[in-house]
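Descriptive structure summary
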Amino acid sequence: MVTIDERLAVIQPLHKFWYKGKVLGIDVLRLDLIHPIVSGNKWFKLRLNLANAVDDGFKTVLTFGGGYSNHLVATAYAAKKFNIPAVAIVRGKYDKLTPTLQSCVEYGMELIFVTQEEYKNNEQPDWIRQMAAHFDDIYIIPEGGANELGRTGAGLMDRFIDKNYTHIAIAVGSGTTLIGLRNKLKRQQYIIGFVPMKEGKYMEQSINKHLDKNKNTNWHLQDEWHFGGFGKWNKELITFMNEFYDLNKIPLDIVYTSKMMYGLNQLLLDNYFISTDKILCIHSGGLQGNISVQKDLIY
Ligand SMILES: *Cc1c(COP(=O)(O)O)cnc(C)c1O
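Residues numbered from 1 in each chain as written. Predicted model: local features only at pLDDT ≥ 70, side-chain atom pairs only at ≥ 80, totals over all residues. Heavy atoms only, no water.

Regarding the overall build of the chain
Regarding its fold elements, the chain presents eleven helices and ten strands. Taken over C-alpha atoms, the radius of gyration comes to 19 Å for the chain, in line with the 19 Å a tight globule of 299 residues would show. If you line up the chain on its principal axes, its C-alpha atoms span 60 × 45 × 35 Å. Every one of the 299 residues in the chain was classed for burial, and the buried ones make up 56%. (Helix = DSSP H or I, 4+ residues; strand = E, 2+ residues; numbered from the N terminus. Rg over C-alpha atoms; globule rule 2.2 N^0.38 Å. Buried < 20%, exposed > 50% of the residue type's maximum accessible area, 1.4 Å probe, protein only.)

A word on the pattern of salt bridges
According to the stated counting rule, one finds 13 salt bridges in the structure shown. Taking the shortest distance from any N to any O, the salt bridge between Glu6 and Arg159 comes out at 2.7 Å. Highlighted residues: Glu6 in the segment before strand 1 (10-13) and Arg159 in the loop between helix 7 (148-155) and strand 7 (167-171), separated in sequence by 153 residues. Residue classification places Arg159 among the exposed residues on the basis of a relative accessible area of 55%. (Salt bridge = Lys/Arg side-chain N within 4 Å of Asp/Glu carboxyl O.)

Regarding the side chain of Ser69
Here Ser69 is to be found in the loop between strand 3 (60-65) and helix 3 (70-81). A residue is classified by how much of its surface remains accessible, and Ser69, at 16% relative accessible area, is buried. A distance of 3.0 Å separates a polar atom in the side chain of Ser69 from the backbone nitrogen of Leu72. Apart from the residues lying within four places of it in its own chain, the contact partners of Ser69 are Thr100 and Gln288. (Polar contact = N/O pair within 3.5 Å; in protein donor to acceptor, adjacent residues only side chain to side chain. Contact = heavy atoms within 4.5 Å.)

Side note on the sheet that holds strand 3
Here four strands make up an open sheet; going across it, the order is 5-4-3-6 and the pairing parallel. One side of each edge strand has no neighbouring strand; the edge strands of this open sheet are strand 5 (110-114) and strand 6 (138-140). Shown here is a sheet whose adjacent strand axes are inclined to one another by a mean of 25 degrees, direction ignored. Bridge count between strand 3 and strand 4 (residues 86-91): five bridges; the pairing is parallel. (Pairing = 2+ DSSP bridges. Axes fitted to C-alpha atoms, helices over the stretch in contact; angles between N-to-C directions.)

A short note on the site of the ligand
Around the ligand lies a shell of 15 residues, among which Lys42, Asn70, Ser174, Thr177 and Ser284 are the nearest. Asn70 has a polar side-chain atom sitting 2.8 Å from an oxygen atom of the ligand. The contact in question runs from a nitrogen atom of the ligand to an N or O atom on the side chain of Ser284, over 2.7 Å. Only helix 2 (40-55) and helix 8 (176-184) provide two or more residues apiece to the shell around the ligand. Ranked by residue count, the leading element in the shell around the ligand is helix 2, at three residues. Taken together, the residues of the shell around the ligand sort by class into three nonpolar, ten polar and two charged. (Near = heavy atom within 4 Å. Nonpolar A, V, L, I, M, F, W, Y, C, P; charged D, E, K, R; others polar.)

A few points about helix 3
In this model, helix 3 (twelve residues) spans 17 Å end to end at C-alpha, consistent with the 16 Å of a helix rising 1.5 Å per residue. Along helix 3, the positions that sit buried rather than exposed are Asn70, His71, Leu72, Val73, Ala74, Thr75, Ala76, Tyr77, Ala78 and Ala79. Lining the buried residues of helix 3 we find helix 2, strand 3, strand 4 and helix 4 (99-106). If you check the start of helix 3, you find a side-chain oxygen 3.1 Å away from the backbone N of His71, and it comes from Ser69. Positioned one or two residues after helix 3, Asn83 has a phi angle of 60 degrees, which is positive. (Expected span 1.5 Å × (residues − 1).)

A closer look at the sheet that holds strand 7
Hydrogen bonds between backbone groups are what pair the strands of a sheet, and the pairing can be parallel or antiparallel. Judged by pairing direction, the sheet is mixed, and its six strands sit side by side in the order 1-2-10-7-8-9 without closing on themselves. Looking at strand neighbours, the two that pair on one side only are strand 1 and strand 9 (219-222), the edges of this open sheet. For this sheet, the mean inter-axis angle between neighbouring strands, taken without regard to orientation, is 25 degrees. As paired strands, strand 1 and strand 2 (residues 25-30) are joined by four bridges and run antiparallel to one another. Its bridge partner lying in strand 2, Gln12 is registered against Val28.

Structure below.
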């Protein structure tokens, strides 16, 4: 198995044609490069959890996700690296495994399928206890790695982020990464979270609950550029991804980072920024999820 190596991350500037002199510069933190499967933020959210599970002598990790979840496949791979068996509660029943789930099985993860309805219990302690009862000494990682160690681990990405950036752009799913970074970065660095689902702005409340009292300002969510909802896309988004690659040589994923960069482009067009702003976009990985659109992409 290929090692997960944080040192492979690089900061790559976008071509100046892309932002047309509207800001001082835009860089991308290429966390997609640390590993093809355990990419980007997923590794940071998992690493403290898995180390803790192993150190404390747990025998299995249990986590949750849907059939296209980057978190599930990252957990499958990373758990194998840590030599600890992994089990996933998967949302929905499938006639045929998705490519993501196939990879999970390949890395030795055991999958337990539950209906969409049952899955909604995934934050109910009683239901979790019932699911965990089938296994000995189980360590539970919530969906999206959204626990204390997940947030703290995500905060460790701060070491790649220079204090001169005025704005940080992040793609948001559970909000774990945004929370971890908001709590770690300098207060004056403004974080814009781009949510790839419909009406995702409601998450501002749940995110706020986890922010340190002196750090809960200078951030907000944008939820306009969801393209029909989570996992949805259209030709315009594909064209955007191809043009972005053509100019910048950076591959984006169809679920998260494409919608973030599309949204950032809209903010530039709306003159949201001033000319002295310097933006860092976090490439949170997820490229394994492009399989379903691969034939339409130039990369
Ligand atoms: C999971 C994921 C996110 C969302 O991260 P959260 O910490 O859940 O908000 C963003 N980008 C990519 C590529 C992801 O796979």
